[in-house]
Amino acid sequence: MNHQPSAINHVLLELDHVRKTYPAPGGGAPVAVLGGVSLQLAAGEAIAIVGPSGSGKSTLLNILGALDRPTEGRALFAGRDLGALKENELAAVRNREIGFVFQQHHLLPQCTVWENVLIPTLTAPGELRTSAALARAERLLERVGLKARLAHRPAQLSGGECQRVAVVRALVNQPKLLLADEPTGSLDHANAQSLGQLLLELNREEGVALVLVTHSRELAARLPRVLELRDGVLA
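If you're wondering where the values come from, they're calculated on a predicted model, not measured in any experiment. (Residues numbered from 1 in each chain as written. Predicted model: local features only at pLDDT ≥ 70, side-chain atom pairs only at ≥ 80, totals over all residues. Heavy atoms only, no water.)

**So, the confidence of the model for the protein chain**
Here's step 1: Put simply, the protein chain has an average pLDDT of 90, and 93% of its residues get 70 or more.
Here's step 2: Counting interchain partners and residues more than four positions distant, the pLDDT-below-50 stretch residues 1-8 has 18 contacts. (pLDDT = per-residue confidence, 0-100. Contact = heavy atoms within 4.5 Å.)

Written out as structure tokens, the structure reads:
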């Protein structure tokens, strides 16, 4: 399986022999979760990562998203070594350059669709909270078919609609990278198919790189590049 992106695009994200271990309960030997992962992701590229439960997929995604640091090796994002950044610098990368979509939508129940989508802009620089940002949010909500739902709260939406709101929220700050962790896992087949197609279309339309972690081989097969993680190693 080819782990290298096309040479015509510049590398956005690179893992260089990344290992991750965690202390064992009771002070035993450390538990190895990732055992030397190397990969490259080009700007605008879309890849799927598959593998059984416990293979390290979520840990890998956390490192890709600057939520966790490698024990060994390097994770580079847009040429920066994430392991060398301070916590406030990592937070800025996560808030402004990476979007996250999880299996559960994590929308705030007391907020409307419009308010939920704009939450990431609250920590962005002033220029991102301008009318241009509001226009982008409105355009994306229209693009995913939710313009008529702006005043609705999550409890008034279907599961598929809530996940589409979560996708728009992840894209509102124009990130370079979108990380999706089992985004269709809580949806029925029809909604899962629809959301998977939406993510692929937005990857192309918005030029955002996409890393999709999924148990669904059917969904993974729709992406141009599929990597398999087994026992902490890319096969």
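**Focus: the side chain of Arg 225**
Here's step 1: Examined against the element boundaries, Arg 225 turns out to sit in strand β9 (residues 225-230).
Here's step 2: A distance of 3.0 Å separates a polar side-chain atom of Arg 225 from the backbone oxygen of Gln 40. (Helix = DSSP H or I, 4+ residues; strand = E, 2+ residues; numbered from the N terminus. Polar contact = N/O pair within 3.5 Å; in protein donor to acceptor, adjacent residues only side chain to side chain.)

**A word on the layout of surface pockets**
Here's step 1: By volume, the largest pocket amounts to about 390 Å³.
Here's step 2: If you trace the largest pocket, you find 19 residues lining it, with Asn 95, Phe 100, Pro 120, Arg 169 and Ala 170 closest to the centre.
Here's step 3: Mapped by element, the contributors of at least two residues to the lining of the largest pocket are α2 (87-97), β6 (98-101) and α5 (159-171).
Here's step 4: Of all the elements, α2 adds the most residues to the lining of the largest pocket, at 4 residues.
Here's step 5: Tallied by class, the residues present in the lining of the largest pocket amount to 9 nonpolar, 6 polar and 4 charged. (1 Å grid on protein atoms, 1.4 Å probe; cavity = no way out; pocket = protein on both sides within 12 Å on 5 of 7 lines; lining within 4 Å. Points joined across faces, edges and corners; volume = space filled by probe spheres on them. Nonpolar A, V, L, I, M, F, W, Y, C, P; charged D, E, K, R; others polar.)

**Quick look at the sheet that holds β9**
Here's step 1: Spatially, β6-β7-β8-β3-β9-β10 is the arrangement adopted by the 6 strands of the open sheet, whose pairing is mixed. Edge strands, defined here as strands with exactly one partner in the open sheet, are β6 and β10 (233-234).
Here's step 2: Here β9 pairs with β10 via 2 bridges, running antiparallel. Bridge assignment links Arg 230 to a residue of β10, and that residue is Val 233.
Here's step 3: Strand contacts of α5: β6 and β7 (177-181), with the helix running at about 170 degrees to β6, the strand carrying the most contacts. (Pairing = 2+ DSSP bridges. Axes fitted to C-alpha atoms, helices over the stretch in contact; angles between N-to-C directions.)

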